Amino acid sequence: MADSAKGRPGAAAPPGGKALTAEQVVARFNRLRQEQRGLASKAAELELELNEHSLVIETLREVDPTRKCYRMVGGILVERTVKEVLPALENNKEQISKIIETLNQQLQTKGRELNDFREKHNIRLMGEDDQKQPSKENAEGAGAKTSSAGVLVS
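Since the structure is predicted, the reported quantities are computational estimates derived from the model, not experimental observations.

> Explain the overall build of the protein residue by residue, including any values.
When its secondary structure is counted, the protein shows four helices and four strands. If you list the helices and strands of the protein from N to C, you get α-β-β-α-β-α-α-β. Split into buried and exposed, the 154 residues of the protein put 23% on the buried side. For the protein, the exposed surface amounts to about 11,100 Å²; the carbon and sulfur share of it is 52%.

Listed below in structure tokens is the structure:
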């Protein structure tokens, strides 16, 4: 039963310390990159929402507090007054800011994890470090070429 995890792409390395296959390394690297992109996308989406909240809050501060305004709540348009809506919007803005902060921390953590994984498995992206690698290998000598077995990801 313990052998069933070996053949699956993306499976973690067994506790015995056996190395991952090239396909597993690429699959895990791509999964980490996809997770990082998802976090960045969500953070950007929330930044836009935060800007919208700021714009609406600025506009409502200049309006009479007893004036009617409409707010979308769960897909339903609800009539309220400015004095009822403004505190809720400010609270939402604070919550969105906290979530963005958390997402940015997770994004940094994911970036470090991705870089560590790249270094550990000697992963190079196509078109990246092409100029640096030949000069580095020539400086180290021919022995370095045979000992480095990396993974090239497109």
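Next comes the rest of the description.
> Which residues make up the pairing of strand 1 (residues 68-73), and what are the values?
Relative to strand 2 (residues 76-81), strand 1 is paired through six bridges, and the arrangement is antiparallel. The residue bridging Cys-69 from the neighbouring strand is Arg-80, located in strand 2. Connecting strand 1 to the next strand, strand 2, in antiparallel fashion are two residues, including Gly-74 with a positive phi near 60°.

> So, the side chain of His-53: which residues are in play, and what are the values?
Summarising the element assignment, His-53 is placed in helix 1 (residues 22-61). For His-53, a relative accessible area of 13% puts it in the buried group. Excluding its chain neighbours within four sequence positions, the residues that come into contact with His-53 are Leu-89, Asn-92, Lys-93 and Ile-96.

> Can you lay out the nonpolar core for me, pointing to particular residues and giving the numbers?
It is characteristic of soluble globular proteins that their nonpolar side chains tend to be buried jointly. Membership of the largest hydrophobic core is limited to nine residues, which are Leu-20, Val-25, Phe-29, Leu-32, Leu-114, Phe-117, Ile-123, Leu-125 and Val-153. Within the residue set of this core, elements represented by two or more residues are helix 1, helix 2 (82-120) and strand 3 (123-125).

> I'd love a proper account of a nonpolar patch on the surface, names of residues and values included.
A cluster of nonpolar residues, Tyr-70, Met-72 and Leu-77, forms a patch on the protein surface that exposes about 370 Å² of accessible area. On the secondary structure map, Tyr-70 appears in strand 1.

> Can you explain the pattern of salt bridges? Please cite residues and give values.
Scanning all chains against the criterion turns up six salt bridges. Where Arg-61 meets Glu-90, a salt bridge forms, and the shortest distance between an N and an O atom there is 2.7 Å. Taken together, the residues span a long stretch of sequence, with Arg-61 in helix 1 and Glu-90 in helix 2 at a distance of 29 residues. In this structure Arg-61 comes out as exposed when scored by relative accessible area, which is 53%. Put simply, Arg-31, Glu-35, Lys-110 and Glu-113 are held in one network by salt bridges that share partners.

> Describe helix 2, and please don't skip the residues or the numbers.
The end-to-end C-alpha separation of helix 2 is 56 Å, in line with the 57 Å expected for 39 residues at 1.5 Å each. Those residues of helix 2 that fall on the buried side of the exposure criterion are Val-82, Val-85, Leu-86, Leu-89, Ile-96, Ile-100, Leu-103, Lys-110, Gly-111, Leu-114, Phe-117 and Arg-118. Of the surrounding secondary structure, the elements contacted by the buried residues of helix 2 are helix 1, strand 1, strand 2 and strand 3. Just past helix 2, the residue Asn-122 takes up positive phi, approximately 50°.

> Can you explain the environment of Val-56? Please cite residues and give values.
The topology assignment puts Val-56 in helix 1. Relative accessible area serves as the criterion here: at 37%, Val-56 is assigned to the partly exposed category. Remark: the alpha-carbon pair of Val-56 and Leu-89, spanning 33 residues in sequence, is separated by 8.3 Å.

How each quantity is defined
Residues numbered from 1 in each chain as written. Predicted model: local features only at pLDDT ≥ 70, side-chain atom pairs only at ≥ 80, totals over all residues. Heavy atoms only, no water. Helix = DSSP H or I, 4+ residues; strand = E, 2+ residues; numbered from the N terminus. Buried < 20%, exposed > 50% of the residue type's maximum accessible area, 1.4 Å probe, protein only. Areas by Shrake-Rupley, 256 points an atom, 1.4 Å probe, with all protein chains shown as cover. Pairing = 2+ DSSP bridges. Contact = heavy atoms within 4.5 Å. Core = buried A, V, L, I, M, F, W, Y, C linked by side-chain atoms within 4.5 Å. Patch = residues over 30% accessible without salt bridge, like charges linked within 9 Å, V, L, I, M, F, W, Y side chains within 5 Å. Salt bridge = Lys/Arg side-chain N within 4 Å of Asp/Glu carboxyl O. Expected span 1.5 Å × (residues − 1).

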